[in-house]
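# Secondary and tertiary structure notes
What follows is the residue order along each chain.
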Amino acid sequence: MKAIRRFTVRPVLPEPLRPLSDLARNLRWSWHAETRDLFQSVDPERWTASEGDPVRLLGSVSAERLAELAEDSRFLRRLTEVAGDLADYVGGDRWYQTQSGELPAAVAYFSPEFGVTAALPQYSGGLGILAGDHLKSASDLGVPLIGVGLLYRHGYFRQSLSRDGWQQETYPVLDPNELPVALLRETDGSPAQVSIALPGGRSLRARIWLAQVGRVPLLMLDSDVEENDLGARGVTDVLYGGGSEHRLLQEMLLGIGGVRAVRTYCRLTGHPEPEVFHTNEGHAGFLGLERIAELCDAGLDFDAGLEAVRAGTVFTTHTPVPAGIDRFDRELVATHFGPDAELPRMDVGNILRLGMETYPGGEPNLFNMAVMGLRLGQRANGVSLLHGQVSREMFSGLWPGFDAEEVPITSVTNGVHAPTWVAPEVFRLGARQIGDRRTEDALTVGGSDRWDAVAEIPDQDIWELRRDLREQLVVEVRERLRASWRQRGAGSAELGWIDGVLDPDVLTIGFARRVPSYKRLTLMLRDRDRLMDLLLHPDHPIQIVVAGKAHPADDGGKRLVQELVKFADDPRVRHRIVFLPDYGMAMAQKLYPGCDIWLNNPLRPLEACGTSGMKAALNGCLNLSVLDGWWDEWFQPDFGWAIPTADGTGTDPDHRDDVEAAALYDLLEQRVTPRFYERGQDGLPDRWIEMVRQTLTLLGPKVLAGRMVREYVERLYAPAAHAHRTMTPDAARELAAWKGRVRSAWHGVTVDHVETSAATATAELGTTLNLRVRVGLGGLAPDDVEVQAVSGRVDPEDRIGDAATVPLKPAGGPDSEGRWLYEGPLALDRTGPYGYTVRILPAHRLLASSAELGLVAVPSEDAVEGAGVLMR
């Protein structure tokens, strides 16, 4: 019989055990081993059954067991110690509190998904895991962050396989009362709500759930409330589900509703108001509109409000391809704003102007969320060095006239939260060397470029650890594989072969990630006979563990999964290659430590960062990867291998896959497997162990989320907070008026004549030329612009590379024609083909970048006649 109504019955904890409730509700347990150990000791069997979720555990423990623990003095001592440790962690000074300078009082961090723990399944892949790691590291460092997201009633889908290997999706209903979250309540005890207006006089209301991530509150908006109609209740149903309007409403709720939720939270708790707003991808971009509306209500006009908001906004882009960005039809956006909808006092034209693709190559009828993010954020970044470069090229249309390297998008390379992803056995090995506290600091704060203590660990200990982790993975894989085959309809009698799947002494390769086509799940199958030879080699075999979900709407991705599954089902190789369905955090935490090699073979440069290999590296797993994302930046032969790429623009995709698959097989056959199985005088693979040691020593400190968050604080949050404080209402009005004046006058800004003291087309190194430039300023004053000489080596097309800029000084003017004379020295400090040009840029003390307005004036062909433009 089916129940007509469901309740969550919470246990009443005996008074001595009350701190267990606080420990369960603070998600620090998800990365704090002592807290997890404490919960496990409550009831080991139920802890396993609850999949390591303290809230579920406490909901299932018998009253008799709780009464027993309440009398257990040893347990109570441990409880007091762990609860005291959490209080010190939450209340004490950490890295952030010891820094000097103008740091923000608080930062609001918006993301459409957060992967904090498997017990709170609100993530689909790398973006969400990165956001969760950002929150956890901010907590460890003491950064006063407020996370903002949505609470999806079905989360992301659960993946299973049909008998023939086709991906199937189910969407389990998540009851917030059974999750480690609590309702944010008003002072009268009623649930706090935010609301946004919908067309036709309807409203979209949402409650605010609070997840406590260490020191960091995570606010999650949930539209499944009785006051909403059926359509509005379903807005927060599924992560990345539904059509365009559904996604638009999710993003309006995240951005606009999210700002209102932050204001509500700060009002109710006394938390400092954020000075910096950080949007993780474009999904939350509408937060800028709400903040402009707040300032307009306080007396600023739209343009001044825009400048004030931009000053304190950071935008992070995660996609290297335009197809990965949410874009909406302009009419759909227009329908949801204005007098009959949300932000009724704001001109819809101003809103549309922020997101429209009004640049060469854009589609002018589409509203682009990343474009809005860049126009609303004074500071922007990609997530690896290479991705920053790709982003500058991809969005260069927003800054016409500037070379891609001058586009104001920097990069902060992603990192991973080591306490979440490092196996307890690896932590204990480090703690044995340098102590618990120093190991914890090394994994959270980082700060050192090397972890020298790893050099002191004996080879035997490292190798025994690696084998132990591999053996644990073998056990895990067999359990999961058996469960998967049962779901596929197999009976127990058919599954005896699973007891022989994988071998703890065989080189183990991991490949696990989302399954879009560019990540090339099936590249390893390109030459199946060659792969079989590798898997079944009599002396140097390999074994491969594969996992990954295709998007429910991506049939192409599902076909790739099915192709891989069918190969792995082959009785000849099924003991050496497995596909595990339903990849998620819980599986990943076993998979990374147990693998010897982490494989990554995307189409370069389509991997923005790719943090899975970082998590593997922190456990002593070596990377075998295409030079893309973070690996392009930090690869060294000391700790891994680079798969050669054939990424020329004219390369046929099929041929490219053939070439790169062949390169992968070559590496495995000739370099990777021989090194793993080669033994030194002591019977250990000493060269392999040395690579593991180098991975931990040199790569470990770089891949930390602690390093990443410190970079965000120092390079983006602190400057944004300074700009926010500088951008007073009067300053915002001044800057907005100045920008309007410059834009309207810029057509009259010209470089009219350039001359130099050079008499010939050659010159000696160290020569200084005198440059004289006559310019028209079109009604602007010299204080409004900077006239620059730009010089450097030139290529055969006379393009200047590695350019140096020198400001020129006004030397006279205006003359009778209104032109100004500028002069300055030009030092020839490089040999070989050398060139220069002159340009005029807008200049104002409140600009974060001289490219901010996307305006530049350069010489016409007439102006450079006889200017000695090139020295050869």
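What this report covers is the structure whose coordinates are included nearby. Just so you know, these numbers come straight off a predicted model, no measurement behind them.

Calculation rules
Residues numbered from 1 in each chain as written. Predicted model: local features only at pLDDT ≥ 70, side-chain atom pairs only at ≥ 80, totals over all residues. Heavy atoms only, no water. Helix = DSSP H or I, 4+ residues; strand = E, 2+ residues; numbered from the N terminus. Rg over C-alpha atoms; globule rule 2.2 N^0.38 Å. Buried < 20%, exposed > 50% of the residue type's maximum accessible area, 1.4 Å probe, protein only. Contact = heavy atoms within 4.5 Å. Areas by Shrake-Rupley, 256 points an atom, 1.4 Å probe, with all protein chains shown as cover. Pairing = 2+ DSSP bridges. Axes fitted to C-alpha atoms, helices over the stretch in contact; angles between N-to-C directions. Polar contact = N/O pair within 3.5 Å; in protein donor to acceptor, adjacent residues only side chain to side chain. Parallel < 35°, antiparallel > 145°, perpendicular 65-115°, else oblique. Left-handed = near helix turned anticlockwise from the far one by under 90°. Nonpolar A, V, L, I, M, F, W, Y, C, P; charged D, E, K, R; others polar. Phe/Tyr/Trp six-rings, centres within 6.5 Å; stacked < 30°, edge-to-face > 60°. Salt bridge = Lys/Arg side-chain N within 4 Å of Asp/Glu carboxyl O. Expected span 1.5 Å × (residues − 1). Patch = residues over 30% accessible without salt bridge, like charges linked within 9 Å, V, L, I, M, F, W, Y side chains within 5 Å. Lys, Arg positive; Asp, Glu negative; His and termini not counted. Charge placed at Lys NZ, Arg CZ, Asp CG, Glu CD. Core = buried A, V, L, I, M, F, W, Y, C linked by side-chain atoms within 4.5 Å. Right-handed = clockwise from strand over helix to strand, strands pointing away.

This part is about the overall build of the chain. In terms of helices and strands, the chain carries 28 helices and 28 strands. Taking 29 Å as the expected radius of gyration for a compact globule of 872 residues, we find that the chain reaches 30 Å, a close match to that expectation. Across its three principal axes, the chain shows a C-alpha extent of roughly 95 × 70 × 50 Å. Here the chain holds 872 residues, and 56% of them are scored as buried. Contacts spanning at least 24 positions in sequence make up 73% of the contacts within the chain whose residues lie at least 6 apart. For the chain, the exposed surface amounts to about 35100 Å²; the carbon and sulfur share of it is 49%.

With that settled, the discussion passes to the sheet that holds strand E19 (residues 622–626). In space, the 6 strands of this open sheet follow the order E17-E16-E15-E18-E19-E20, with parallel pairing throughout. Taken across any chain shown, the strands that pair with only one partner, and hence form the sheet edges, are strand E17 (577–580) and strand E20 (640–643). Between one strand axis and the next, the sheet turns by 20 degrees as a mean value, whatever way the strands run. Relative to the sheet, helix H20 (residues 528–535) contacts strand E16 (542–547) and E17, its axis offset from that of E16 by approximately 115 degrees. Sheet strands touched by helix H25 (residues 653–677): strand E15 (507–512), E16, strand E18 (597–600), E19 and E20. Its angle to E20, the strand with the most contacts, is close to 165 degrees.

In this section: the environment of His 753. Here His 753 shows up in strand E21 (residues 749–756). You can call His 753 partly exposed: its relative accessible area is 32%. Sequence spacing of His 753 and Asp 815 is 62 residues, and the spatial spacing of their C-alpha atoms is 14 Å. In this structure the side chain of His 753 is engaged in a polar contact, spanning 3.0 Å, whose partner is the side chain of Glu 755.

Between two packed helices, what matters for the description is the angle formed by their axes and the separation of those axes. Where helix H19 (residues 459–487) meets helix H22 (residues 585–594), the axes come as close as 8 Å, and the angle between the chain directions of the two elements is 140 degrees. For the element pair H19 / H22, the angle class is oblique. Along this stretch, H19 crosses H22, giving a crossing that reads as left-handed. In this structure, H19 contributes Arg 466, Leu 469, Arg 470, Leu 473, Glu 476 and Arg 480 to the contact, and H22 contributes Ala 586, Met 587, Lys 590, Leu 591, Pro 593 and Gly 594. Taken together, the residues that form the contact of H19 with H22 break down as 6 nonpolar, 1 polar and 5 charged.

The final tally for this structure, using the stated rule, is 20 aromatic pairs. Both rings, one in Tyr 156 and one in Phe 157, keep their centres 4.8 Å apart while their planes meet at 50 degrees; by these two values the pair is tilted. On the basis of relative accessible area, Tyr 156 is assigned to the buried category, the value being 12%. Pairing Phe 286 with Phe 337 gives two aromatic rings, centres 5.5 Å apart and planes at 45 degrees, and the pair type is tilted.

Counting buried residues along H22, 7 of its 10 residues qualify, which places the element largely inside the surrounding structure. Along H22, the positions that sit buried rather than exposed are Met 585, Met 587, Ala 588, Leu 591, Tyr 592, Pro 593 and Gly 594.

All told, the structure shown has 67 salt bridges when counted by the stated rule. A salt bridge links Arg 153 to Asp 224, with the nearest nitrogen and oxygen atoms 3.0 Å apart. Of this pair, Arg 153 sits in the loop between strand E2 (145–150) and strand E3 (158–161) while Asp 224 is found in the loop between strand E8 (216–222) and helix H8 (230–233), placing the two residues 71 residues apart along the sequence. For Arg 353, the salt bridge is made with Asp 303, and the minimal N-O distance between the two is 3.7 Å. Of this pair, Arg 353 sits in helix H13 (residues 348–355) while Asp 303 is found in helix H11 (residues 302–311), placing the two residues 50 residues apart along the sequence.

Each strand in a sheet pairs with its neighbour through backbone hydrogen bonds, running either in the same direction (parallel) or in the opposite one (antiparallel). Ordered in space as E21-E22-E26-E25, the 4 strands form an open sheet in which the pairing is antiparallel. In this open sheet, the two strands that pair with only one neighbour each are E21 and strand E25 (809–812). Here the strands of the sheet are splayed against their neighbours by 35 degrees on average, with no regard to which way each runs. Across 3 bridges, the pairing between E25 and strand E26 (residues 819–827) is antiparallel. For Pro 810, the partnering residue across the bridge sits in E26 and is Tyr 822.

For helix H7 (residues 126–141), built from 16 residues, the straight-helix expectation of 22 Å at 1.5 Å per residue is met to within 8% by its first-to-last C-alpha distance of 22 Å. With 15 of its 16 residues buried, H7 lies for the most part within the structure. Immediately downstream of H7, the backbone of Gly 142 shows phi near 80 degrees, a positive value.

Moving on: a negative patch on the surface. Residues Glu 34, Asp 37, Glu 81 and Asp 436 make up a contiguous surface patch of negative charge. Examined against the element boundaries, Asp 37 turns out to sit in helix H2 (residues 33–42). Relative accessible area serves as the criterion here: at 40%, Asp 37 is assigned to the partly exposed category.

A few words now on the environment of Val 412. With respect to the helices and strands, Val 412 occurs in the loop between strand E14 (410–411) and helix H16 (418–421). For the pair formed by Val 412 and Ala 380, sequence separation is 32 residues and the distance between their alpha carbons is 9.7 Å. Apart from the residues lying within four places of it in its own chain, the contact partners of Val 412 are Asn 381, Gly 382, Val 383, Ser 384, Arg 707, Met 708, Glu 711, Tyr 712, Arg 715 and Leu 716.

The next thing to look at is the nonpolar core. Counting 106 residues, the largest nonpolar core has Met 524, Ile 544, Ile 597, Leu 624, Trp 641 and Trp 688 as its most contacted members. Beyond its immediate sequence surroundings of up to four residues, Ile 597 is in contact with Leu 507, Thr 508, Ile 509, Gly 510, Cys 621, Leu 622, Leu 624, Trp 641, Val 672 and Trp 688. By size, the runner-up hydrophobic cluster in this structure holds 64 residues, among which are Leu 23, Phe 39, Phe 75 and Tyr 89.

Where H13 meets helix H14 (residues 369–376), the closest approach of the two axes is 6 Å, and the angle between their N-to-C directions is 100 degrees. On the basis of the axis angle, H13 is roughly perpendicular to H14. Within the contact between the two elements, H13 uses Arg 353, Leu 354 and Gly 355 and H14 uses Val 371, Met 372, Arg 375 and Leu 376.

The next subject is the side chain of Arg 707. Checked against the element boundaries, Arg 707 lands in helix H27 (residues 705–726). Polar side-chain contacts of Arg 707 include one of 2.7 Å to the backbone oxygen of Thr 413.

Here we take up the pairing of E16. Most of E16 is tucked away, with 6 of its 6 residues classed as buried. Residues Ile 542, Ile 544 and Val 546 line one face of E16 and the alternating positions Gln 543, Val 545 and Ala 547 line the opposite face, and both faces are buried. Taken together, the 6 bridges between E15 and E16 define a ladder with parallel strand orientation. Residue pairing for E16: Thr 508 is matched across the bridge by Gln 543. As a crossover connection, the stretch from E15 through H20 into E16 is right-handed. The pairing of E16 with E17 spans 4 bridges and is classified as parallel. Bridge pairing links Ala 547 to Leu 580 in E17. In this view, the connection linking E16 to its parallel neighbour E17 by way of helix H21 (residues 555–569) has right-handed handedness.

Tracing the backbone shows Arg 466 in helix H19. From its side chain, Arg 466 meets the backbone oxygen of Asn 619 in a polar contact 2.8 Å long. Once residues lying within four places of it in the same chain are set aside, the contact partners of Arg 466 are Pro 593, Gly 594, Cys 595, Asp 596, Asn 619, Gly 620 and Val 692.

Before going further, it helps to examine unusual backbone geometry. Each neighbour pair has its own omega, and for Arg 604 with Pro 605 the value is 5 degrees, a cis peptide bond. When you line up the elements, Pro 605 lands in the loop between E18 and helix H23 (612–617). Phi is positive for Asp 582, close to 65 degrees, though the residue is something other than glycine. Within the secondary structure, Asp 582 is located in the loop between E17 and H22. Residue classification places Asp 582 among the buried residues on the basis of a relative accessible area of 17%. Its identity as a non-glycine residue notwithstanding, Asp 802 has a phi of 50 degrees, on the positive side. Of note, Asp 802 is situated in strand E24 (residues 800–807).

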